[in-house]
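Structural overview
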Amino acid sequence: MGVYKLKDFKKLLDTEEYKFLKEHPRLGNRIMLLGVGGSYAYGTDYENSDIDFRGITLNLPSDLLGLTKFEQYEDRKTDTVIYSFNKMIRLLLECNPNTCEILGLEKEGYMILSELGQELVDNRSLFLTKRAAKSFGGYAQAQIRRLQNAIARDSMPQAQREQHILNSVQNSLEEFHRHFASFDKGSIRLYIDRAENPQFETEIFVDANYRHLPLRDYENMWGVMRSVVSSYDKIGKRGKKDDNHLNKHAMHTIRLFMMAIDILEKGEICTRRTKEQGLLLKIRNGGFRKEDGGFLPEYFDILSDYEQRMERASKESALPEEPDMEKVEAFVEYVNRKALEV
């Protein structure tokens, strides 16, 4: 679909379903901006696409001067998420893809855009750094693992699949270990051996030895591993819905690389992929799928090309390594002083 249905979207804001936007004390005239998200934002929408709204709202005076705390407002019925300004800034400093894209919409993509909202959009370059390679690349790699996991779950022999699970778990744990660079609480070893489960040929085993490890860190680590394993152990054959999900994962992987390259090469956030719309729609519609459920080599060639382009762009980018925190803090203070007046 070539253009936003902006008038239709604006009409939605006046319906009973969206009355929370006007009535909730943290929203109303405190909303800085509200724009389309998902497929309508990317230009990959079709007749039955869901409508997602994403926005930013000013913190209350009690958040800034008192004891209240607010991160985001979420309405699941309408798939609307509105971040507090302060949380949005923290995410933007990490070049978080889900929040960067909110500032990269075309003008027609915003249903609400206050003066402060426009100033935030105008100052989005404050948050663009080489961190984009890691953040967008990390999200893209997560999408790739989902593709690999789904294909492996359906087609690999059990022993080979177990090895694939092990690789996925280890990849997922890399972020945990990076977070604890000087980790001296103990160790964990994952390996494959002859199965004790009579239904398996081989099985993943764990040798773990920890002392004085915070419970929440332990829970997070095991949660990561459990999530990967459970994704493989779902029972039943892949259906039409699962195929659609795989196609969307494949499309979003490429889209994330596209956005990262724009940020690194041009210093721009381009959420709506007009020029690449045909390619993205072809991927989402299954144009690169094989009869056995896998993906054609052409898809992986495209994927490899974008990965290499992002790596090259990261090395050659003129963007700073880190944001200029003095300028960011001055802008945040300016906005929050205005928030006290609303």
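The model shown is predicted, which means the values in this text are computed figures rather than measured ones.

Description of the overall build of the chain
Within the chain, the regular secondary structure consists of 14 helices and seven strands. Carbon and sulfur atoms make up 47% of the accessible area of the chain, which amounts to about 19200 Å² in all.

Regarding the pattern of salt bridges
Scanning the model with the defined rule gives 14 salt bridges in all. We note a salt bridge from Asp207 to Arg189, for which the minimum N-O separation is 3.3 Å. With Asp207 in strand S7 (residues 202-210) and Arg189 in strand S6 (residues 186-194), the pair connects residues that are 18 residues apart, well separated along the chain. Of the residues examined, Asp207 reaches a relative accessible area of 36% and is grouped as partly exposed.

What to know about the sheet that holds strand S5 (residues 110-113)
The strand order across the open sheet built from five strands is S3-S4-S2-S1-S5, with neighbouring strands paired in mixed fashion. What marks the edges here is a single partner per strand, and that holds for strand S3 (72-75) and S5. Neighbouring strand axes in the sheet, compared pairwise and without regard to direction, differ in orientation by 15° on average. Examined bridge by bridge, S3 and strand S4 (residues 80-84) share four bridges and lie antiparallel to one another. Bridge pairing links Tyr73 to Ile82 in S4.

Observations concerning the environment of Ala41
Position of Ala41 among the secondary structure elements: in helix H3 (residues 38-42). Residue Ala41 is classed as buried on the basis of its relative accessible area of 1%. Separated by 63 residues in sequence, Ala41 and Gly104 place their C-alpha atoms 9.2 Å apart.

Thoughts on the packing of helix H7 (residues 115-122) against helix H14 (residues 325-339)
Running from N to C, H7 and H14 cross one another at 170°; their axes reach a closest spacing of 11 Å. With respect to H14, the axis of H7 lies roughly antiparallel. Contacts from Leu116, Glu119 and Leu120 in H7 reach Phe331, Tyr334, Val335 and Lys338 in H14.

Quick look at the confidence of the model for the chain
Summarising the model, the chain shows a mean pLDDT of 86, and 86% of its residues fall at 70 or more. Of all helices and strands in the chain, the one with the weakest mean pLDDT is helix H9 (residues 158-179) (68), whereas H7 scores best (98). Segment residues 235-241 is flagged for pLDDT under 50; beyond a separation of four residues in sequence, or across chains, it makes eight contacts in the model.

Let's talk about the pairing of strand S2 (residues 52-57)
Among the six residues that make up S2, six are buried, leaving the element largely enclosed by the rest of the structure. By the alternation rule, side chains of S2 split into Asp52, Arg54 and Ile56 and Phe53, Gly55 and Thr57, which are all buried. Across six bridges, strand S1 (residues 31-37) lies against S2 in antiparallel orientation. Across the sheet, residue Leu33 finds its bridge partner in S2, namely Ile56.

Description of the environment of Glu115
Tracing the backbone through its elements, the reader meets Glu115 in helix H7. For the pair Glu115 and Met32, spaced 83 residues apart in sequence, the C-alpha separation works out to 7.6 Å.

Remarks on the nonpolar core
Among the nonpolar cores identified, the biggest contains 75 residues, and Leu21, Phe85, Leu103, Leu120, Ile254 and Tyr299 are the most heavily contacted of them. The element best represented in this core is helix H11 (residues 240-266), accounting for 12 residues. With residues near it in sequence (within four places) discarded, Ile254 still touches Leu280, Ile283, Tyr299, Ile302, Leu303 and Tyr306.

Quick word on the packing of aromatic side chains
Taken as a whole and judged by the stated rule, the model has 13 aromatic pairs. Measuring from ring centre to ring centre gives 5.1 Å for Phe9 and Tyr40, while their planes differ by 90°; the resulting arrangement is edge-to-face. Placement of the pair is Phe9 in helix H1 (residues 6-12) and Tyr40 in helix H3, with a sequence separation of 31 residues. Across this residue pair, the class does not change: Phe9 and Tyr40 are buried. When the ring of Phe331 is compared with that of Tyr334, the centres are 6.4 Å apart and the planes differ by 35°; the resulting orientation is tilted.

Considerations on the state of the cysteines
In this structure the tally under the stated criterion is zero disulfides. Looking at the unpaired Cys95, the closest cysteine sulfur is the one in Cys100, lying at 4.9 Å. When its relative accessible area of 0% is taken as the criterion, Cys100 is described as buried.

So, the packing of helix H5 (residues 85-93) against H14
Two elements in contact, H5 and H14, have axes whose closest approach is 11 Å; the angle formed by their N-to-C orientations is 165°. One way to sum up the angle between H5 and H14 is to call them roughly antiparallel. In the crossing of H5 with H14, the sense of the turn from one axis to the other is right-handed. Each of Phe85, Asn86, Ile89 and Leu93 in H5 lies in contact with H14, whose residues at this interface are Met325, Val328, Phe331, Val332, Val335 and Asn336.

Notes on the layout of surface pockets
Its boundaries defined by the atoms lining it, the second largest pocket holds a volume of some 1000 Å³. Lining the second largest pocket are 35 residues; nearest its centre among them are Gly38, Ser39, Tyr42, Lys248 and His252. Within the residue set of the lining of the second largest pocket, elements represented by two or more residues are H3, S2, S4, helix H6 (97-100), helix H8 (131-155) and H11. With 12 residues, H11 is the single largest residue contributor to the lining of the second largest pocket.

About the thresholds
- Within every chain, residues take consecutive numbers counted from 1 along the sequence as written.
- Only residues with pLDDT of at least 70 are given local features in this predicted model, and only at 80 or more are side-chain atom pairs given and counted; all residues enter the totals for whole chains, interfaces and linings.
- Working from all heavy atoms in the structure, the side-chain values ignore hydrogens and water.
- Elements are defined by DSSP. Helices are runs of H or I of four residues or more, strands are runs of E of two residues or more, and each kind is numbered from the N terminus.
- For every accessible area listed, the method is Shrake-Rupley and the probe measures 1.4 Å; residues are considered covered only by the protein chains on display.
- A pair is scored as a salt bridge if a Lys or Arg side-chain nitrogen falls within 4 Å of a carboxyl oxygen belonging to Asp or Glu.
- Three exposure classes are used, based on accessible area relative to the maximum for each residue type with a 1.4 Å probe and protein chains only: buried under 20%, partly exposed in between, and exposed over 50%.
- In this analysis, strands are considered paired if DSSP registers two or more bridges between them.
- A fitted line through C-alpha atoms represents every axis, and for helices the fit uses only the stretch in contact; the resulting angles, taken between N-to-C directions, go from 0 to 180 degrees.
- Working rule for angles: under 35 degrees goes down as roughly parallel, over 145 as roughly antiparallel, 65 to 115 as roughly perpendicular, anything else as oblique.
- When checking whether two residues touch, look at their non-hydrogen atoms; a contact exists if any pair is within 4.5 Å.
- Residue-level confidence of the predictor, termed pLDDT, takes values from 0 up to 100.
- Each nonpolar core is a collection of buried residues, namely Ala, Val, Leu, Ile, Met, Phe, Trp, Tyr and Cys, held together in the definition by side-chain atoms within 4.5 Å.
- A pair of Phe, Tyr and Trp rings is counted when the ring centres sit within 6.5 Å of each other, with Trp represented by its six-membered ring. The angle between the planes then sorts it: under 30 degrees is stacked, over 60 is edge-to-face, the rest tilted.
- The disulfide definition used here is simple: a pair of cysteine sulfur atoms within 2.5 Å.
- The sense of a crossing depends on the near helix, which, turned anticlockwise from the far helix by less than a right angle, makes the crossing left-handed and, turned clockwise, makes it right-handed.
- The method works on a 1 Å grid over the protein atoms by themselves. A cavity is a set of points holding a 1.4 Å probe that cannot get out, a pocket is an open set with protein on both sides within 12 Å along at least five of seven lines, and residues with an atom within 4 Å of a point line them.
- Grid points are joined across faces, edges and corners, and a volume is the space filled by probe spheres set on the points.

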